[in-house]
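# Inside the fold
Here is what each chain is made of, one letter per residue.
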Amino acid sequence: MTTTPDDPTTALPGRPPVVDLATWQAARDELLVREKAHTREGDAIAAARRRLPMVECDGTVEVVGPDGPVPFLELFQGREELVVYKHMWYDGAPHQGQCEGCTTTAWHLDDAVYLNARGVSFAVLTTGRPDEVASYIEFMGYTQPWYSVRDVAAPVGGDMGHITCFLRDGDRVFLTYSTTGRGNEPVNGSLALLDMTPYGRREAWEENPEGWPEAPRAGSPVGGHGSPTCWYWRSDADGNATWGPTSRPVPQWTRPGATPVESLGRQGHHH
């Protein structure tokens with residue numbers, strides 16, 4: 001049994017058709033076949049990833065952490081495997097002006113207890129100056145170790161915005177895997193949960209049924225991230241998506257000591 005889409009009992013701008021449980025279960029079972037195929041293909045890709053060759057790199061190169069310079073090898077903390085997130089950095093930007101995509105990724109990676117229990121260490125690398133990085137970490141309340149790799153060559157340094165994996169064999173260090181862009185998405189469990197909801201991420205690229213809510217629109221920022229707003233979106237203090245001088249990456253509004261919206265304009269805005 002299906003009700004008409006224009007049922008007057010709802011004020012939603014768009015919604016799935018209403019059916020009985022048996023009809024829903026049949027449609028759900030049909031989708032499950034595709035989901036299982038997707039899972040199996042993901043497993044096959046992961047198996048191929050484990051078979052990638054690796055590149056030896058210099059484990060003695062120095063990175064700068066909260067206690068000063070340390071050899072990159074120290075980031076393994078005695079474990080055999082290391083995952084790093086390479087956080088983009090804008091020199092001199094106010095805290096709310098740092099990369100919104102990296103902010104979201106680092107936020108979701110702030111607790112690596114389970115990784116550690118599985119023998120994998122985790123750290124954040126960035127090209128920011130150590131003093132600026134320390135201030136930003138304090139503002140955000142991050143607990144994971146951050147290290148400046150300013151002027152450090154790839155693969156320890158190099159391009160930011162990547163998840164990169166390393167393997168340690170004694171004092172030898174090897175690069176095994178790196179990804180960027182939407183390859184970083186598995187870190188952000190919120191995106192996977194949004195994908196399960198009827199309205200999804202509300203991003204412009206998604207294919208939606210007719211009548212679905214449109215993605216929130218905002219002015220295109222310097223740097224060309226574009227409009228409508230995407231997964232690295234910023235908001236004002238009221239949660240409205242915006243790229244104006246009083247916006248910041250969403251998680252930062254919850255941080256202790258977050259600057260009131262009225263004063264952000266006087267600090268300026270940087271991308």
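Summary of the structure given here.

What counts and how
Residues numbered from 1 in each chain as written. Predicted model: local features only at pLDDT ≥ 70, side-chain atom pairs only at ≥ 80, totals over all residues. Heavy atoms only, no water. Helix = DSSP H or I, 4+ residues; strand = E, 2+ residues; numbered from the N terminus. Buried < 20%, exposed > 50% of the residue type's maximum accessible area, 1.4 Å probe, protein only. Pairing = 2+ DSSP bridges. Phe/Tyr/Trp six-rings, centres within 6.5 Å; stacked < 30°, edge-to-face > 60°. Lys NZ or Arg CZ within 6 Å of the ring centre and 35° of its normal.

Moving on, we come to unusual backbone geometry. A cis amide bond, omega 10°, links Ala154 with the succeeding residue Pro155. At Gln77, a residue that is not glycine, the phi angle is positive and equals roughly 55°. With respect to the secondary-structure elements, Gln77 resides in the loop between β3 (68-71) and β4 (81-87).

Once that is clear, we can look at the pairing of strand β5 (residues 120-126). Judged by how many residues are buried, β5 sits mostly within the fold: 7 of 7 residues are covered. A two-sided burial pattern is seen for β5, the buried positions comprising Val120, Phe122, Val124 and Thr126 on one face and Ser121, Ala123 and Leu125 on the other. Pairing geometry for β4 and β5, over 7 bridges, is parallel. Residue pairing for β5: Val84 is matched across the bridge by Ala123. With 3 bridges connecting them, β5 and strand β6 (residues 146-148) associate as parallel partners.

Now for the packing of aromatic side chains. To describe a pair of aromatic rings, one takes the distance between the centres and the angle between the planes. All told, the structure shown has 7 aromatic pairs when counted by the stated rule. Seen in terms of ring centroids, Tyr136 and Trp146 are 5.8 Å apart; in terms of plane orientation they differ by 65°. Their pairing is edge-to-face. Within this pair, whereas Tyr136 is found in helix α4 (residues 130-140), its partner Trp146 is found in strand β6, the two being separated by 10 residues in sequence. For Tyr136, a relative accessible area of 0% corresponds to the buried category. With a centroid separation of 5.4 Å and 20° between ring planes, the pair formed by Tyr142 and Trp146 is classed as stacked. Here a set of aromatic residues connected by ring pairs shows up, and it is made of Trp89, Tyr136, Tyr142 and Trp146. Lying across the ring of Tyr177, Arg49 places its NZ or CZ 4.9 Å from the centre.

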